[in-house]
Number of protein chains: 4
Amino acid sequence: MTPTAVMLLSCPDQQGIVAATAAFIAAHDGNILHAEQHVDPVEGVFFQRVEFELDGFGMERDRIAEEFAPIAERFAMRVDVRFSDEPMRVGMMASRHPHCLYDLLTRWRTGELGCDLRVVVANHPDHADICEHLGVPYVHLPVTPETRSAQEAAVLATLRAHDVELVVLARYMQILSGDVVGAYRHRIINIHHSFLPAFVGANPYRQAHDRGVKLIGATAHYATEDLDEGPIIDQETERVTHRDDVASLARKGRDLETTVLARAVRAHLEHRVLVYGRKTVVFDG
Amino acid sequence: MTPTAVMLLSCPDQQGIVAATAAFIAAHDGNILHAEQHVDPVEGVFFQRVEFELDGFGMERDRIAEEFAPIAERFAMRVDVRFSDEPMRVGMMASRHPHCLYDLLTRWRTGELGCDLRVVVANHPDHADICEHLGVPYVHLPVTPETRSAQEAAVLATLRAHDVELVVLARYMQILSGDVVGAYRHRIINIHHSFLPAFVGANPYRQAHDRGVKLIGATAHYATEDLDEGPIIDQETERVTHRDDVASLARKGRDLETTVLARAVRAHLEHRVLVYGRKTVVFDG
Amino acid sequence: MTPTAVMLLSCPDQQGIVAATAAFIAAHDGNILHAEQHVDPVEGVFFQRVEFELDGFGMERDRIAEEFAPIAERFAMRVDVRFSDEPMRVGMMASRHPHCLYDLLTRWRTGELGCDLRVVVANHPDHADICEHLGVPYVHLPVTPETRSAQEAAVLATLRAHDVELVVLARYMQILSGDVVGAYRHRIINIHHSFLPAFVGANPYRQAHDRGVKLIGATAHYATEDLDEGPIIDQETERVTHRDDVASLARKGRDLETTVLARAVRAHLEHRVLVYGRKTVVFDG
Amino acid sequence: MTPTAVMLLSCPDQQGIVAATAAFIAAHDGNILHAEQHVDPVEGVFFQRVEFELDGFGMERDRIAEEFAPIAERFAMRVDVRFSDEPMRVGMMASRHPHCLYDLLTRWRTGELGCDLRVVVANHPDHADICEHLGVPYVHLPVTPETRSAQEAAVLATLRAHDVELVVLARYMQILSGDVVGAYRHRIINIHHSFLPAFVGANPYRQAHDRGVKLIGATAHYATEDLDEGPIIDQETERVTHRDDVASLARKGRDLETTVLARAVRAHLEHRVLVYGRKTVVFDG
């Protein structure tokens, strides 16, 4: 695999955007591997993801953003340029539930999740041994209602000390305040154990059982200050029956949670997600 | 296929129910084809569906309920006995949308849906020709806010005139009052075009689009006076993406609606559904 | 919905294709609504689908292919240009099974399937009445082993007399010879009632039952002379259990068949399918 | 959770089986929690799984089989009695691929997989550290074509030394000879990375890519001497597109493999699987 550049673009929709971007890449002998675009005709917004090979591209990677600036300016684009051989720096947060964390650790360890895992932060000590075994720094920051503000400051300091770009809440069961969410806007991925917007809030499996639904779900979304209201990245459901009690809903739900969270994290790491308003564009992987 | 009897039983959970029922059938040389049971340990309720062949059974079918009465009394059972060669009498109600109605008509015509279709009632004239073509009585009962009460009375009179046992709302877009719902308690099946309890009320596809969900759904449930709150019989979801506008959500949703409604109607017609509280037990088909 | 042009392109992969195509459209003030591309890096083939509005495009639609010819020549492209307001002329073929045919007829009648349905050809008379009711010409061409060759000639003549561009085999249970398949290369869509390549040939549901699989499937593919070997357009599976006998596999399978065939036909009608070798590129709808 | 007994029964179908079994349990004050049955009307075989509470049951657990023997004899039953608080002794076998093994280890460690994991046997040393970390004996038995027979003898000796009842092949990439398979008939679960019977043999993902399928699959089955021909326990599929190369099929397939294998192992551990001929009855969990 030779290294590639990914450009994520968004701007008001207008004629000539695709031509201008493609001409820029072609003019420097770039070989486009993937190009996907989307237009929201109601909002009038254009989105594009272009991935091209760096080998043979007639420009140092550091100069791409600068050289592209005139085009970006002409179309009033927001531009994000990333490189496939510069993996994203990730911090994971967990509480007691191990399933999402262990699943992500396995995917990271086997190289499936191409990222630079810097730190795991947890409000319980449970996962210290597995992280130590894997060589991942584990920071235990317990929290009580009284210490919440101080603990959040310590969380933020830890994430910053490890230069984290993306935070993955792997069933971290604490609500994050606006300070943390604001510092990592659209860079905190949470997994909620229901098919949002059904069953917001606490104990979604109990709510689902009480309502007698025939499917349960899981939702990966960016964390926002309004809990469970953030832009949705991925969702999935699974059939259940009258035979399932709350415990078996939770057991089946764990598999959904791990799958959906892993897919959403992967999409983010591959620079396939663009957020606008309360929605996402998720290009195919 | 030889004719069968189906007994649907529910009662407070206690020892010996299965043995008593099975002994009753065995004592009269009955051959059990299917027997499924369920216990809700929280509510302490026992449910059973037993299906056995009528050929060779040592009793006239008319006497089964009476002969079984002592057992039913001993366990405080609710008992419903049905026969596979006495198909249920069904009325369908529709508005403009044809997809659910046409799908059910096709399944009925090909014999897949084993029922006695007595009448189609609609508040629009659109489907009169297809029903005439198929030989199904079509009763057009238009409705306005002013005539609602009179129209509902006419609906009820029509259903009764055709001796209807089960009413299927095949995207009937009018809210039924308590009079109709009460007259057919747990015998009116509605299809709602969302994954309930998400997106109750009007325009669920628009709501889903505005929220940016990655799955849409459909829910078949028994109609109750609290709209969209009735016991759920079946649900299904389907993946959507940022490319889907409201119109394509509605198009994809139509396939979900037809599938889920057909499955729910089939389950009811096969006497596989038991309602308790706001929930259902749906035995496998 | 204003009319659009769709260009389907394929050629050896090389630099500058996207730029050249986009520049062509931009130079004539075209507004691109959708553009999707794919590169098969192993085969070295580039595929693209570009859809743009005809309103405001600075060229008569009849001249697009000609004006684009220099670009097509430069990249050795195969080019297909279609217009959204010129619906494809379709012929359907059926035998006894009604489910796929009725489903497609319903979708066509409600406008969901944007095509010009010219004729239904069948080797049984069963569906004549519904077609007459819908105003679709129905040509009954019975066939026996002895008359096969003459019947196929009549089939071909009928399709040609109705100027058919796409043939949909809606559970047409006869094998088509190379004459018919060759005349409509990659323009005959068949539905096979298994998850190909499992259970090729006759009685796939019986084969599936004998093998004890836990899923059944359906496959829509272009017909080729090697039966069940044609390029696959779409597939789907559904869970089954030990409780399903051959008849219930067939019943559940019918819903799969109708769904998968309708999706494949829709993809073809929207010019989203490109064939290469034994494979397809199916762009998202 | 109080301890339960599970009786797995199979016999030629005949009248009175359910009644006799239920009467036996009721006569000793047993409380049935679950009872599922199935009749294969073609083969004329009856299957049943009955689970009842041991607390309050009027008999020592050791005497159940003996006391039930007259009934078993009368109906020519095969009977298997198991107890929920006597978890099955399991050995896992792996090669290089970690995903299935790690997933099962996680489920075992968190208690989701209620079994007594005795040993992991592998022909590579890769997973020794994680097993050591978790306190599971790891036996590294490398194999070459020349040493195959001796290695298999060592495998068998290891499994026997640890008194293993169930062997899980967690992507163990060696073919087991009839000696091993025969010693653990219907007690070795394998995961094959295709939707069997499609793509038997080596490199199923490459085969799938070459054929251009739109779904990939995974199959958990009991190992038999005829490779990939054993009774199927569970299967699942996942959508893929023209964008997926062999590597991404393999990546998506890994999630299928872990899910399907875990479900199959769970079904076996909960005594929900009955084998007959080349098929399985898998009662719902």
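Residues numbered from 1 in each chain as written. Chains lettered and ligands numbered in written order. Predicted model: local features only at pLDDT ≥ 70, side-chain atom pairs only at ≥ 80, totals over all residues.

Novice: Any chance you could break down the overall build of chain A for me, citing the residues and the numbers?
Specialist: Tallying secondary structure elements over chain A gives eight helices and 13 strands in all. For chain A, whose C-alpha radius of gyration is 21 Å, the value lies close to the compact-globule estimate of 19 Å for 285 residues. Its C-alpha atoms give chain A principal-axis dimensions of roughly 60 × 40 × 35 Å. The burial tally for chain A puts 47% of its 285 residues in the buried class. Put simply, 68% of the contacts in chain A that link residues at least 6 apart link residues at least 24 apart. (Helix = DSSP H or I, 4+ residues; strand = E, 2+ residues; numbered from the N terminus. Rg over C-alpha atoms; globule rule 2.2 N^0.38 Å. Buried ≥ 20, exposed ≤ 12 C-beta atoms within 10 Å, placed from the backbone. Contact = placed C-beta atoms within 7 Å.)

Novice: Requested: an account of the relation of the copies chain D and chain C, with residues and values cited.
Specialist: Structural alignment of chain D on chain C gives an RMSD of 0.0 Å, achieved by rotating through 180° and translating 0.0 Å along the axis. Expressed as an axis order, the relation between the two copies is that of a two-fold axis. Residue Ala198(D) of chain D places its C-alpha closer to the rotation axis than any other residue of that unit, at 2.3 Å. Looking at the interface residues of chain D, 100% of them are also at the interface in chain C, so both copies use one shared face. (Least-squares fit on C-alpha atoms with pLDDT ≥ 70 in both.)

Novice: Give me the sheet that holds strand β5 (residues 88-94) of chain A: which residues, what numbers.
Specialist: Residue and element names in this part refer to chain A. Reading across the sheet, the seven strands line up as β7-β6-β5-β8-β9-β10-β11 and stay open at both edges, with mixed pairing between neighbours. If you trace the sheet from one side to the other, it starts and ends with β7 (138-140) and β11 (232-239), each paired once. The mean inter-strand angle of the sheet, taken between neighbouring strand axes irrespective of direction, is 20°. Note: strand β10 (residues 215-222) against β11, seven bridges, orientation antiparallel. When the bridges of β11 are listed, Ile216 appears paired with Glu238. Of the strands in this sheet, β5, β6 (115-122), β8 (166-169) and β9 (188-192) are in contact with helix α3 (residues 99-109), which crosses β5 at around 155°. (Pairing = 2+ DSSP bridges. Axes fitted to C-alpha atoms, helices over the stretch in contact; angles between N-to-C directions.)

Novice: Any chance you could break down the relation of the copies chain A and chain B for me, citing the residues and the numbers?
Specialist: Its rotation angle being 180°, the transformation that places chain A on chain B also includes 0.0 Å of axial translation and leaves an RMSD of 0.0 Å. Taken as a fraction of all interface residues of chain A, those also at the interface in chain B reach 100%, which identifies the copy contact as same-surface.

Novice: An account of the confidence of the model for chain A is requested, with residue identities and associated values reported.
Specialist: With 100% of its residues at a pLDDT of 70 or more, chain A has an overall mean of 95. We note a pTM of 0.96 for the whole complex and an ipTM of 0.94 for its interfaces. (pLDDT = per-residue confidence, 0-100.)

Novice: Please set out helix α8 (residues 246-269) of chain A residue by residue, giving values where relevant.
Specialist: All names here are of chain A. An ideal rise of 1.5 Å per residue puts 34 Å on 24 residues; α8 measures up with 34 Å between its terminal C-alpha atoms. The element α8 is largely enclosed, with a buried count of 17 among its 24 residues. Downstream of α8 by one or two residues, His271 has phi in the positive range, about 55°. (Expected span 1.5 Å × (residues − 1).)

Novice: Kindly report on the sheet that holds strand β6 (residues 115-122) of chain C, identifying the contributing residues and their values.
Specialist: Residue and element names in this part refer to chain C. Pairing is mixed across the open sheet formed by seven strands, whose spatial order is β7-β6-β5-β8-β9-β10-β11. Each having just a single partner strand, β7 (138-140) and β11 (232-239) make up the two edges of the open sheet. This sheet shows a mean twist of 20° between the axes of neighbouring strands, independent of strand direction. Inspection of the sheet shows β6 paired to β7 by three bridges, in the parallel sense. Counterpart to Val120 in the pairing with β7 is Tyr138. Along the sheet, helix α3 (residues 99-109) makes contact with β5 (88-94), β6, β8 (166-169) and β9 (188-192), crossing β5 at roughly 155°. Against the sheet, helix α5 (residues 148-161) touches β5, β6, β7 and β8, its axis set at about 160° to β6.

Novice: So what about the environment of Ile130(D)? Which residues, and what values?
Specialist: All names here are of chain D. As for its placement among the helices and strands, Ile130 is situated in helix α4 (residues 128-134). Since 20 C-beta atoms lie within 10 Å of it, Ile130 is described here as buried. The sequence separation of Ile130 and Leu105 amounts to 25 residues, and the corresponding C-alpha distance is 9.3 Å.

Novice: Break down the interface of chain A and chain B for me, citing the residues and quoting the values.
Specialist: With 21 residues of chain A in contact, the opposing surface of chain B contributes 21 residues. At the level of elements, β11 and β13 (279-282) of chain A are the ones that each hand at least two residues to the side of chain A that touches chain B. Per-class residue counts for the side of chain A that touches chain B are nine nonpolar, six polar and six charged. (Nonpolar A, V, L, I, M, F, W, Y, C, P; charged D, E, K, R; others polar.)

Novice: Kindly report on the domain arrangement of chain A, identifying the contributing residues and their values.
Specialist: Residue and element names in this part refer to chain A. Splitting chain A by domain gives domain 1 (4-83) and domain 2 (88-282). Between domain 1 and domain 2, the C-alpha centre-to-centre distance is 31 Å. Contact residues are listed per partner, giving eight residues for domain 1 and five residues for domain 2. For the side of domain 1 that touches domain 2, the elements supplying multiple residues, two or more each, are β1 (4-12) and β3 (45-53). Classifying every residue of the side of domain 1 that touches domain 2 gives four nonpolar, two polar and two charged. (Domains from an automatic or database assignment.)

Novice: Kindly report on unusual backbone geometry, identifying the contributing residues and their values.
Specialist: Looking along the chain, the bond that leaves Leu196(A) and enters Pro197(A) is cis, with omega of 10°. Despite not being glycine, Ala76(A) has its phi angle at roughly 55°, a positive value. One non-glycine residue with positive phi stands out, namely His271(C), at about 55°. If you trace the backbone, His271(C) turns up in the loop between α8 (246-269) and β12 (273-276). For His271(C), a count of 20 C-beta atoms within 10 Å gives the class buried.

Novice: An account of the packing of helix α1 (residues 17-27) of chain D against helix α2 (residues 64-75) of chain D is requested, with residue identities and associated values reported.
Specialist: Residue and element names in this part refer to chain D. Between α1 and α2, the least distance of the axes is 11 Å, while the angle of their chain directions is 175°. Between α1 and α2, the crossing angle belongs to the class labelled roughly antiparallel. Touching Ile17, Ala20, Thr21 and Phe24 of α1 are Phe68, Ile71 and Phe75, all from α2. In the contact of α1 with α2, the residues fall into six nonpolar, one polar and no charged. (Parallel < 35°, antiparallel > 145°, perpendicular 65-115°, else oblique.)

Novice: Go over the interface of chain D and chain C with me, naming the residues and quoting the values.
Specialist: Counting residues at the interface gives 21 residues for chain D, matched by 21 residues for chain C. Every element with two or more residues in the side of chain D that touches chain C is listed here: β11 (232-239) and β13 (279-282) of chain D. Considered class by class, the residues forming the side of chain D that touches chain C number nine nonpolar, six polar and six charged.

Novice: Tell me about the pairing of β8(C), residues and numbers included.
Specialist: Residue and element names in this part refer to chain C. Of the two faces of β8, the one carrying Leu166 and Val168 and the one carrying Val167 and Leu169 are both buried. Of the strand pairs in this sheet, β5 and β8 are connected by four bridges, and their pairing is parallel. Residue pairing in the sheet places Met92 in a bridge with Val168 of β8. Of the strand pairs in this sheet, β8 and β9 are connected by three bridges, and their pairing is parallel. Pairing of Leu169 across the sheet is with Asn190, part of β9. In this view, the connection linking β8 to its parallel neighbour β9 by way of helix α6 (residues 178-183) has right-handed handedness. (Right-handed = clockwise from strand over helix to strand, strands pointing away.)

Novice: Residue-level account of the pairing of strand β1 (residues 4-12) of chain D, with values.
Specialist: Regular strands show a simple pattern: their side chains alternate between the two faces of the sheet. Residues and elements named next belong to chain D. In this structure, β1 lies alongside strand β3 (residues 45-53), joined through nine bridges in antiparallel fashion. Residue pairing across strands places Val6 opposite Glu51, the latter belonging to β3. Inspection of the sheet shows β1 paired to strand β4 (residues 78-83) by six bridges, in the antiparallel sense. Pairing of Met7 across the sheet is with Val81, part of β4.

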